[in-house]
Amino acid sequence: MAGQKMLKFVTLHKEMPQKRSADLRAQDFDEIYREFAAEKAAEQASRCSQCGVPYCQSHCPLHNNIPDWLRLTAEGRLEEAYDLSQATNTFPEICGRICPQDRLCEGNCVIENSGHGTVTIGSVEKYLTDKAWEMGWVKSIKPRNERTESVGIIGAGPGGLAAADVLRRAGVQVTVYDRYDRAGGLLTYGIPGFKLEKPVVMQRIEQLELGGVQFVLNCKVGEDLSFDAIRGQHDAILIATGVYKARDIEAPGVGAKGVVRALDYLTASNRKSFGDEVPEFDSGELNATGKRVVVIGGGDTAMDCVRTAIRQGAVSVKCLYRRDKANMPGSQREVQNAEEEGVDFVWLSAPKGFTGGEVVDGVMVQKMRLGAPDASGRQSPEVIEGADYIEPADLVVQALGFEPEAVPSLWGVPDLAVTRWGTIKADFRSHATNLDGVYAAGDIVRGASLVVWAIRDGREAADSILTYLAQPASVAAE
Ligand SMILES: Cc1cc2nc3c(=O)[nH]c(=O)nc-3n(C[C@H](O)[C@H](O)[C@H](O)COP(=O)(O)OP(=O)(O)OC[C@H]3O[C@@H](n4cnc5c(N)ncnc54)[C@H](O)[C@@H]3O)c2cc1C
Ligand code: SF4
């Protein structure tokens, strides 16, 4: 029986690239994959050559001790392996699922670079932590001593939550404020469930709640509560509000019904998966079912949109990007996934306008070629005159990236220093802003980045806050 199942697993494994879009097969695959996850993890872990120059570790933003936990996994010492992996990472099961490993740890694996295919580090990390949850090895938050100092964290994304975890384990009183009704930031409402299952995020939030972290949700700082009021209630503040101002296309017809923003589209889909009432989804406004969908953009958000549209049952899904495949900003692995699922990439193409009047029925596409490199060394796209055409579309999703909101003016704190890009200016190591006792971490400092960087920033900022709180009051106020 076991032999038969293994044969089925091997067959499915081989067939999957062509069959991923078939839901039934994917379910079969997941079921069988789960059953053989332990074998796969051990097999992958034992492929690590223990090369002695762990580029994987140095290219992981958290400097996870990858070779050591791979060795322990290969030896079957799973609890120890998990313990080591969680020592540097607050949410290893989340990173294992959604880090762009091809650009980080796995992209720098010496086995990969010698042409033998990377050790699948991310999937071993995911396996170890899923196993740890199942076996009860995940340590709950139980501070040895309660402290009187309190910290207010604005933003319940991975940056804010990683900081909350460190601070609460140290016994500090922690309150996290967020404008949404659920914590998790983009883990909850941005990243689609097929990449990051929502119960995986919710169990971490529950762990923080059980550990004594207070969440104040549906609270938009700057509107429902002023920044000064929050600052007055706590001994230190961490701002971890992410970047949310969508870059919109400037072209005729962009205001037509059916031209939507990526995050609105993805949030509606994620809310639906929580079982929420989502009138814009039910009305079809933010739902790709039965539609010809065009997504504009070449980053990971665009990949999430095209893959969501495929899952919603779009008639066709095209992705327009103004450069070529080699110059896409998104992860090549994500592009490959999207291609395998049936997304049609239209390279060297940019929107010139939208047709249809009040309700969009097409995108006016202008064809591009790559010209001379710009100051950054990247080839600039140039328009090919006379090659325009109309791409029919019922739903157009703009996925051109995000910028920071104007925090100082929105929150009435003009003294809070920002960079020329509008991100909050914070010390590279301590994450301290120019305001006493106010720290900042994650995308609001880096600009749109990655979950793993937000986790690192949150952990580091929490350590700095602990040092700040330990200082005598007179020093801290200087
Ligand atoms: C669609 C999409 C897909 C992505 N996929 C990946 C991926 O696969 N892998 C990866 O590593 N990264 C991915 N990223 C990037 C990643 O999600 C972010 O880098 C990361 O979430 C940043 O964490 P953060 O804590 O800084 O901010 P966020 O996760 O954005 O959290 C910020 C929180 O602050 C809250 N907030 C903002 N303003 C206020 C206010 N005024 N008052 C109260 N609360 C406020 C928000 O509601 C939010 O909950 C993706 C991003 C997007 C948009
Ligand atoms: S956190 Fe991300 S980069 Fe680091 S080992 Fe895990 S998957 Fe790789």
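These figures come from a predicted structure and were not determined experimentally. (Residues numbered from 1 in each chain as written. Chains lettered and ligands numbered in written order. Predicted model: local features only at pLDDT ≥ 70, side-chain atom pairs only at ≥ 80, totals over all residues. Heavy atoms only, no water.)

*Asks:* In this structure, what is going on with the side chain of T90? I would like to understand it.
*Replies:* Mapped onto the elements, T90 comes out in the loop between helix 6 (78-88) and helix 7 (92-98). What makes T90 buried here is its relative accessible area of 6%. Apart from residues lying up to four places away in sequence, T90 is in contact with A162, D165, R204, I455 and R459. (Helix = DSSP H or I, 4+ residues; strand = E, 2+ residues; numbered from the N terminus. Buried < 20%, exposed > 50% of the residue type's maximum accessible area, 1.4 Å probe, protein only. Contact = heavy atoms within 4.5 Å.)

*Asks:* What exactly am I supposed to notice about the packing of aromatic side chains here?
*Replies:* Aromatic ring pairs are reported here in terms of the distance separating the ring centres and the angle at which the planes meet. Per the counting criterion, the structure on display carries 5 aromatic pairs. Between F227 and W411 the ring centres are 5.5 Å apart and the planes differ by 20 degrees, which places this aromatic pair in the stacked class. In this pair, F227 is assigned in helix 13 (residues 227-233) and W411 in the loop between helix 18 (407-410) and strand 16 (438-440), connecting sequence segments 184 residues apart. For the pair shown, F227 and W411 are each scored as buried. Judged by centre distance (4.9 Å) and plane angle (10 degrees), the ring pair of F345 and W347 falls under stacked. The exposure class of F345 is buried, given its relative accessible area of 11%. Note on W347: relative accessible area 21%, which makes it partly exposed. (Phe/Tyr/Trp six-rings, centres within 6.5 Å; stacked < 30°, edge-to-face > 60°.)

*Asks:* Would you mind showing me how to read the site of ligand 1 here?
*Replies:* The local shell around ligand 1 holds 32 residues, among which I98, D178, V221, Y244 and D443 are the closest. At a separation of 2.6 Å, an oxygen atom of ligand 1 approaches a polar side-chain atom of Y244. With respect to ligand 1, the backbone of L450 contributes an N or O atom lying 3.3 Å from an oxygen atom. When ligand 1 sits alone it has 1,000 Å² of accessible area, and the protein chains cover 96% of it. (Near = heavy atom within 4 Å. Polar contact = N/O pair within 3.5 Å; in protein donor to acceptor, adjacent residues only side chain to side chain. Areas by Shrake-Rupley, 256 points an atom, 1.4 Å probe, with all protein chains shown as cover.)

*Asks:* Sorry if this is basic, but what is going on with the nonpolar core here?
*Replies:* A general trend in soluble globular proteins is that nonpolar side chains are found buried together. The biggest cluster of nonpolar side chains holds 67 residues, and the ones touching the most others in it are L70, I153, L167 and F215. When residues of this core are assigned to their parent elements, the largest contribution, 9 residues, is made by helix 20 (residues 451-470). Apart from residues lying up to four places away in sequence, L167 is in contact with V151, I153, V172, V174, A462, I465 and L466. Formed by 28 residues, the second largest nonpolar core is a distinct cluster that contains L266, V293, A302 and A338. (Core = buried A, V, L, I, M, F, W, Y, C linked by side-chain atoms within 4.5 Å.)

*Asks:* Would you mind going over the site of ligand 2 with me for this structure?
*Replies:* Taken together, the neighbourhood of ligand 2 is formed by C60, N64, I66, N89, C95, C99, Q101, L104, C105, I121, E125 and V452. Most atoms of ligand 2, that is more than half of them, are within 2 Å of grid points of the largest cavity. (1 Å grid on protein atoms, 1.4 Å probe; cavity = no way out; pocket = protein on both sides within 12 Å on 5 of 7 lines; lining within 4 Å. Sits in = over half its atoms within 2 Å of the grid points.)

*Asks:* Which parts of the structure should I look at to understand the pairing of strand 10 (residues 349-355)?
*Replies:* Every regular strand shows the same layout, with side chains that alternate between the two sheet faces. Of all 7 residues in strand 10, 6 are buried; the element is thus mostly enclosed. As judged from the 6 bridges shared by strand 10 and strand 11 (residues 362-373), these two strands associate in the antiparallel manner. By the bridge assignment, T355 is partnered in strand 11 with G362. The antiparallel hairpin formed by strand 10 and strand 11 contains 6 residues in its connecting segment, where G356 sits at a positive phi of about 110 degrees. (Pairing = 2+ DSSP bridges.)

*Asks:* Can you walk me through helix 10 (residues 158-169) in this structure?
*Replies:* Owing to its 3.6 residues per turn, the α-helix aligns residues three or four sequence positions apart on the same side. The end-to-end C-alpha separation of helix 10 is 16 Å, in line with the 16 Å expected for 12 residues at 1.5 Å each. Across the 12 residues that make up helix 10, a large majority, 11, are buried. Among all positions in helix 10, only P158, G159, G160, L161, A162, A163, A164, D165, V166, L167 and R168 are buried. (Expected span 1.5 Å × (residues − 1).)

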